[in-house]
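Examination of the molecular architecture
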Amino acid sequence: MPTGTRSRISARVAAVSASATLAVDAKAKKLKAEGADVIGFGAGEPDFPTPEHIVEAAIAACHDPVNHHYTPTAGIAALREAIVAKTARDSGYDINPSQVLVTNGAKQAVYEAFATLVDPGDEVLVPAPYWTTYPEVVALAGGVPVPVPTDEASGFHLTVDALEAAVTPATKVLLFVSPNNPTGAVSSPEEVAAIGHWAAGRGLWVVTDEIYEHLVYGSSVFRSLPVAVPELASRCVVINGVAKTYAMTGWRVGWLIGPPDVVDAATNLQSHATSNVSNVSQRAALAALEGDLDAVAMMRAAFDRRRVTIHAMLNACEGVTCVEPEGAFYAFPSVRGLLGRRVAGRLLSSSADVAELAIEQVQVAVVPGEAFGAPGYLRLSYALGDDAIVEGVTRLGKLFATAD
Ligand SMILES: Cc1ncc(COP(=O)(O)O)c(C=O)c1O
């Protein structure tokens, strides 16, 4: 084919959709910059600043010429060792530094994990509702994301029965995430063990995303999957990072932990893509991991208070039902009670319509469930100030109360 008739964008990349969560956030920020009084429930990031001792470590790192040059792709040795120590401290998982690759945020770790494990045609079980990035990166790797349904009645808990119904001879990997984005579900230690044993019995790989490990509430308990099922360790990749635990979303430091051959292969990939993560950010992450967990305890208490508020307020809204979030910082209410009804002269036929109505009529930004493979729902991050949460859900409540 002559060059002129070839498509400008490769089919592989043309198939990638924009991140709906970042799009909602960008729209809210744009309206805000134009002077609108917007309340943004879109972004999944703590509203707190990064703790001071971490910022100080970064400032010191800027002044040290050792940080002005390339460092090993997989991360500076001290940080990889700190990740080993942190992983033993927080989840009881014993690893060594050769099993750690430091990445530009957990998002790059997710990307590299699937790029490393998946061949064209391999199926990946992705519990739904799912974080919008997972199916995209699986597809980019040539894999086939296979949604595994969870439902509101069970609090969106993943079950072995649902996995069993979705597995095929082409399945290679199970993606597991608890606490969950967008549903806030936290699998119990028994559920984690049952899912892990099932995956081991089936000979599957597991990619387990532990980024919200410290954000669990009430009687919920976080359990690391390879700790619950040690025989999975040789076929398990753990994703984690500092973004959510230390209010460090903008610093872009995450990591993957895996068997050495997987880590070596993923490191080769990263060496041609982005090389080492910014040394200043790595030094900041090191200070975070070497410090205590006081800041996250403070943030968790704030998120817990906001969780109780948003859950009660959402359930009081016309046409809305919301299961109690158990972890992370998201509420995932159903708005199916509003569909087929008219609000502000507009017929609502999808949760995307409800999200559009909310931003247009009352300047409240929420992410429609369509972005997470769950039409009929909205995702609201409650990682914003207490007053903003009350004001935002009050606005939604008043708007929805006018539904015909
Ligand atoms: C489940 C999950 N994994 C990974 C990430 C990515 O985190 P990072 O900011 O470290 O790339 C997010 C961010 O929203 C997330 O919700």
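See the structure printed just above.
Residue numbers restart at each chain and count upward from 1, following the sequence in its written direction. Local features in this predicted model are restricted to residues whose pLDDT is 70 or higher, and side-chain atom pairs enter the listing and the counts only when it is 80 or higher, whereas totals over whole chains, interfaces and linings include all residues. Hydrogen atoms and water are omitted, and side-chain values are computed over all heavy atoms in the structure.

1. Let's talk about the packing of aromatic side chains
- Pairing of aromatic rings covers Phe, Tyr and Trp, the last through its six-membered ring, and needs centres within 6.5 Å; plane angles under 30 degrees mean stacked, over 60 mean edge-to-face, and all others mean tilted. Counting across every chain of the model gives ten aromatic pairs.
- Plain terms: the ring middles of Phe-156 and Phe-332 are 5.7 Å apart, the flat faces sit at 80° to each other, and that makes the pair edge-to-face. With Phe-156 in the loop between strand S4 (144–149) and helix H7 (160–166) and Phe-332 in the loop between strand S9 (330–331) and strand S10 (342–343), this pair connects stretches of sequence that are 176 residues apart. Like Phe-156, the residue Phe-332 is buried in the burial classification. In DSSP terms, a helix is any run of H or I states spanning at least four residues, a strand is any run of E spanning at least two, and both are numbered starting from the N terminus. Only protein chains enter the accessibility calculation, which uses a 1.4 Å probe; a residue whose area is less than 20% of its type maximum is buried, one above 50% is exposed, and one in between is partly exposed.

2. Re the environment of Glu-210
- Position of Glu-210 relative to the elements: it lies in the loop between strand S6 (205–209) and helix H9 (225–228).
- For Glu-210, a relative accessible area of 2% corresponds to the buried category.
- Sequence separation between Glu-210 and Val-362 is 152 residues; the distance between their C-alpha atoms is 35 Å.
- Any two residues whose heavy atoms approach within 4.5 Å are treated as being in contact. Ignoring any residue separated from it by four or fewer positions in sequence, one finds Glu-210 in contact with Ser-91, Phe-222, Ser-224, Leu-225, Pro-226, Val-238, Ile-239 and Asn-240.

3. A few points about the site of the ligand
- Residues are counted as near a molecule or strand when any one of their heavy atoms sits within 4 Å of it. Around the ligand sit Gly-105, Ala-106, Lys-107, Trp-131, Tyr-134, Asn-181, Asp-209, Ile-211, Tyr-212, Ala-243, Lys-244 and Arg-252, and those are all the residues in its vicinity.
- Pairing of N or O atoms within 3.5 Å defines a polar contact, subject to two protein rules: one partner must be a possible hydrogen donor and the other a possible acceptor, and residues neighboring in sequence count only if both atoms are side-chain atoms. Residue Asp-209 places a side-chain N or O atom 2.6 Å away from a nitrogen atom belonging to the ligand.
- Take Lys-244: an N or O atom from its side chain is 2.7 Å from an oxygen atom of the ligand.
- For the shell around the ligand, the element with the highest residue contribution is helix H5 (residues 105–117), accounting for three residues.
- By the convention adopted, Pro, Cys, Tyr, Trp, Phe, Met, Ile, Leu, Val and Ala count as nonpolar, Lys, Arg, Asp and Glu as charged, and the other residues, Gly among them, as polar. Residues of the shell around the ligand, tallied by class, amount to six nonpolar, two polar and four charged.

4. Remarks on the sheet that holds strand S14 (residues 378–381)
- Between any two strands, at least two bridges found by DSSP are needed for them to pair. Reading across the sheet, the three strands line up as S9-S14-S13 and stay open at both edges, with antiparallel pairing between neighbours. The sheet is open, and its two edges are formed by S9 and strand S13 (367–368), each paired on a single side.
- In this sheet, S14 lies alongside S13 in antiparallel orientation, the contact comprising two bridges. Counted as the bridge partner of Val-367 is Arg-379 from S14.

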